[in-house]
Structure formats: C-alpha cells, structure tokens
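Descriptive analysis of the structure
Residues per chain are reported as follows:
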Amino acid sequence: IPLSLWFVFSVAMLATGEANYEDVRWWVAAPSVAVVLVLFLATAVYHSLLGIQVVIEDYAGGDAARLTLLLLSKFFHVLVAVAGIFAVLKVALG
C-alpha cells in the first residue's frame, strides 16, 4: 500500500503541472525515485501474478489446461517485469 500511495501521489503531482517528457524523464532519473519505482513495478507485477494464479487455479478446466495457463501467466509476468524494470533503468541511467 505505501508504494501504491507514493506512486499515485507522485503521478498526480506530475499531472497537476505542465509536465512534459523531459520533466518526467528528469523525475525518473533521480536515484531515489528510480529505486522506489523499480520496487513498485516488482511488487505490482508479483501481486498481479498471485491474483491471476488464484483465478486460474479456481476456474481453469483440466489439469493440463491449468498447468499451461499457469506457466504462460508466469512467463508473461516475468516478461512484463523485466521490460518495466529495463525501461526505468534505461531512463534513469541515460
């Protein structure tokens, strides 16, 4: 919850002004912001993975379908996490 509140308030503060691409890039490039943003992305993706896993386990038909969907879900979530963290690090490190 604290990371989500930080993210919402930070984005809201950026949205209240005339924030353009360079302003957001400067904001993400701050080391403290980049670290917290990576933590937020990791926890958000993990939370999503757990939620989707419960839905698949509860509603998927057979064992083979359940296993396939769980593996696809994990692969997709890892892909999203890596892409998101890479994007933050690319902006933060220049």
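Below is a short write-up of the structure.

Brief notes about the overall build of the chain
Broken down by element type, the chain carries 4 helices and 0 strands. Secondary structure of the chain in N-to-C order comes out as α-α-α-α. Taken over C-alpha atoms, the radius of gyration comes to 17 Å for the chain, far larger than the 12 Å a tight globule of 94 residues would show. Overall, the chain is about 50 × 25 × 20 Å in size when its C-alpha atoms are taken along their principal axes. Every one of the 94 residues in the chain was classed for burial, and the buried ones make up 20%. Sequence-distant contacts in the chain: of pairs separated by 6 or more residues, those separated by 24 or more amount to 65%. With an accessible surface of roughly 6,800 Å², the chain has 76% of that area assigned to carbon and sulfur atoms.

A few points about the pattern of salt bridges
Within this structure, the stated rule accounts for 2 salt bridges. The partner of R66 in a salt bridge is D63, with the nearest N and O atoms 3.0 Å apart. Note that R66 and D63 are positioned in helix α4 (residues 63–93) at a spacing of 3 residues, about one turn of the helix. Note on R66: relative accessible area 22%, which makes it partly exposed. Judged by its relative accessible area of 62%, D63 falls in the exposed class.

Here is what the cut-offs are and how they apply
- Residues numbered from 1 in each chain as written.
- Predicted model: local features only at pLDDT ≥ 70, side-chain atom pairs only at ≥ 80, totals over all residues.
- Heavy atoms only, no water.
- Helix = DSSP H or I, 4+ residues; strand = E, 2+ residues; numbered from the N terminus.
- Rg over C-alpha atoms; globule rule 2.2 N^0.38 Å.
- Buried < 20%, exposed > 50% of the residue type's maximum accessible area, 1.4 Å probe, protein only.
- Contact = heavy atoms within 4.5 Å.
- Areas by Shrake-Rupley, 256 points an atom, 1.4 Å probe, with all protein chains shown as cover.
- Salt bridge = Lys/Arg side-chain N within 4 Å of Asp/Glu carboxyl O.

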